Amino acid sequence: MFDRSRLEAGLPIRGLGKPLYLFSTIDSTNARALELGQTGAPHGTLVIADEQTAGRGRAGRRWLTPSRSAIALSLLLRWEPPVGGVSGALSGFGALSVAEAVEGLGAQVEIKWPNDVLVAGKKVAGVLVEAQWQGSLIASAVVGIGINVRPGSVPNPDQVGYPAGCLEQAIGRRIDREALILDVVQAAGRWLPLLGSPEMLEGWEARLAFRGMQVSVDDSGVRVRGRFENLHTDGRMVLLTDEGERLIIGPNAADLRPIDR
Ligand code: BTN
């Protein structure tokens, strides 16, 4: 379980992490943060669990969070008035926050667009953003972050679409989970005011895996291929097809992978 007093001593950071809901076991921190959001919980509410029994991944997949081996947290963000045009950036925001915190541990990190965090070519963290829309605007969003810290958190190869690893195997030493949570919240507090800014896009782009390479990605059930050029100004991905057409791919796309030519 987590040490509540250590977490409370470090929070809130720039308005994030208060109130703090800490669970030894829960179905999904995202589900709980969404419920809290619906009942009026404030901006910055943070839900953390040692174990999830029904963790949610992107594209309807499950996310494994066994006890004492991972980090599962969800941050509730609110905008008053609601904002437009940040949905793409929000998906990079979580990954960028994790990437910076993990870099602080001495690891070299890549982001597999939109928001998978890779160390040594293996996925060690994932982000699931669930937004509450008001028409075309976002009034609140839950940014859910799952980090594989210890070997017990690494799913079996047949359960994942991309090779998975964990921080302790990649870095080769024991990782302090509470300290890492505080570092992620710290980075999130720094990036949030810059959401969607050129500076944020630059930070995201600088860490992108497979940039400049031939890739394929699943866009609403259709596999599209092309050269991964860069990010559009709103965080969507720009692909240049063999026919010379530029495709702009939205953040709900999944399963980006390089292709051999
Ligand atoms: C992915 O599929 O890569 C995204 C995984 C996101 C998992 C995190 S763990 C904390 C939060 N609660 C959930 O149920 N999911 C997210």
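Residues numbered from 1 in each chain as written. Predicted model: local features only at pLDDT ≥ 70, side-chain atom pairs only at ≥ 80, totals over all residues. Heavy atoms only, no water.

Participant: If you had to explain the overall build of the protein to someone new, which residues and values would you point to?
Facilitator: Counting secondary structure elements, the protein contains six helices and 13 strands. Relative to the globule expectation of 18 Å for 261 residues, the C-alpha radius of gyration of the protein, 17 Å, shows essentially globular dimensions. As displayed, the protein has an accessible area near 11,500 Å², and 48% of this comes from carbon and sulfur atoms. Of the side-chain charges in the protein, 28 are positive and 29 negative, and the distance between the mean point of each set is 3 Å. (Helix = DSSP H or I, 4+ residues; strand = E, 2+ residues; numbered from the N terminus. Rg over C-alpha atoms; globule rule 2.2 N^0.38 Å. Areas by Shrake-Rupley, 256 points an atom, 1.4 Å probe, with all protein chains shown as cover. Lys, Arg positive; Asp, Glu negative; His and termini not counted. Charge placed at Lys NZ, Arg CZ, Asp CG, Glu CD.)

Participant: Which residues make up the site of the ligand, and what values go with them?
Facilitator: Neighbouring the ligand are 20 residues, the closest being Ser28, Thr29, Arg56, Arg58 and Lys123. A distance of 2.7 Å is found between an oxygen atom of the ligand and a side-chain nitrogen or oxygen belonging to Ser28. For the ligand, a nitrogen atom lies 3.0 Å from a polar atom in the side chain of Gln52. Computed on the free molecule, the ligand has an accessible area of 410 Å², of which 99% lies beneath the protein chains in the complex. (Near = heavy atom within 4 Å. Polar contact = N/O pair within 3.5 Å; in protein donor to acceptor, adjacent residues only side chain to side chain.)

Participant: Account for the packing of helix 3 (residues 87-103) against helix 6 (residues 198-206), naming residues and giving values.
Facilitator: At a minimum axis distance of 10 Å, the contact between helix 3 and helix 6 shows a crossing angle of 60°. When the interaxial angle is binned, helix 3 and helix 6 end up oblique. Here helix 3 runs over helix 6; the crossing is left-handed. When helix 3 is examined against helix 6, the residues Gly88, Ala89, Ser91, Gly92, Phe93 and Leu96 are found in contact with a partner set consisting of Met200, Gly203 and Trp204. (Axes fitted to C-alpha atoms, helices over the stretch in contact; angles between N-to-C directions. Parallel < 35°, antiparallel > 145°, perpendicular 65-115°, else oblique. Left-handed = near helix turned anticlockwise from the far one by under 90°. Contact = heavy atoms within 4.5 Å.)

Participant: Explain the packing of aromatic side chains to me, and be specific about the residues and the numbers.
Facilitator: Scanning all chains against the criterion turns up zero aromatic pairs. Seen from the ring of Tyr162, Lys112 lies directly overhead, with NZ or CZ sitting 4.5 Å from the centre. Taking the ring centre of Phe2 as reference, the NZ or CZ of Arg177 above it sits at 4.1 Å. (Phe/Tyr/Trp six-rings, centres within 6.5 Å; stacked < 30°, edge-to-face > 60°. Lys NZ or Arg CZ within 6 Å of the ring centre and 35° of its normal.)

Participant: Which residues make up the nonpolar core, and what values do they have?
Facilitator: In this structure, Leu90, Phe93, Trp113 and Ile147 are the most contacted members of the largest nonpolar core, which totals 69 residues. In terms of residue count, helix 3 provides more of this core than any other element does, nine residues in total. A domain-level breakdown of this core finds at least three residues from each of domain 1 (4-206) and domain 2 (214-258). Discounting chain neighbours no more than four positions away, the residues touching Leu90 are Leu77, Trp79, Val129, Ile138, Ala141, Val143 and Leu195. Among the nonpolar cores identified, the runner-up in size contains 10 residues, and Leu34, Ala41, Val47 and Leu76 belong to it. (Core = buried A, V, L, I, M, F, W, Y, C linked by side-chain atoms within 4.5 Å. Buried < 20%, exposed > 50% of the residue type's maximum accessible area, 1.4 Å probe, protein only. Domains from an automatic or database assignment.)

Participant: Describe the domain arrangement of the protein, listing the residues and the values that go with them.
Facilitator: Splitting the protein by domain gives domain 1 (4-206) and domain 2 (214-258). Summarising the inter-unit geometry, the C-alpha centres of domain 1 and domain 2 are found 24 Å apart. Across the boundary between the two partners, domain 1 contributes 14 residues, which contact 18 residues of domain 2. Here domain 1 meets domain 2 over a buried area of about 1,200 Å², counting both sides, of which 60% is carbon and sulfur. Taken together, the connections running from domain 1 to domain 2 amount to zero salt bridges. At the boundary of domain 1 with domain 2, the tally comes to six residue pairs in polar contact (both at pLDDT 80 or more). Secondary-structure elements contributing two or more residues to the side of domain 1 that touches domain 2 are helix 3 and helix 6. For the side of domain 1 that touches domain 2, the element with the most residues is helix 3, which contributes four residues. Looking at the side of domain 1 that touches domain 2 residue by residue, the class counts come to six nonpolar, five polar and three charged. (Buried area = accessible area lost by both parts, 1.4 Å probe. Salt bridge = Lys/Arg side-chain N within 4 Å of Asp/Glu carboxyl O. Nonpolar A, V, L, I, M, F, W, Y, C, P; charged D, E, K, R; others polar.)

Participant: Could you give me a rundown of the packing of helix 3 against helix 5 (residues 177-191), with the residues and numbers involved?
Facilitator: One way to put it is that helix 3 packs onto helix 5 with a least axis distance of 8 Å and a crossing angle of 130°. As summarised for this structure, helix 3 and helix 5 are arranged oblique, according to the angle between their axes. In terms of crossing hand, the pair formed by helix 3 and helix 5 is right-handed. Across the interface between the two elements, Phe93, Leu96, Ser97, Val98, Glu100 and Ala101 of helix 3 pack against Leu180, Asp183, Val184, Ala187, Ala188, Arg190 and Trp191 of helix 5. Looking at the contact of helix 3 with helix 5 residue by residue, the classes come out as nine nonpolar, one polar and three charged.

Participant: Please set out unusual backbone geometry residue by residue, giving values where relevant.
Facilitator: Cis rather than trans, the peptide bond between Glu80 and Pro81 has omega equal to 5°. Inspection of the secondary structure assignment puts Pro81 in strand 4 (residues 70-83). The omega torsion across Trp113 and Pro114 is 0°, close enough to zero to call that bond cis. Looking at where Pro114 falls in the secondary structure, it is placed in the loop between strand 5 (109-112) and strand 6 (116-119). Of note, Asp255 is a non-glycine position whose phi angle comes to about 60°, a positive value. As for its placement among the helices and strands, Asp255 is situated in strand 13 (residues 254-258).

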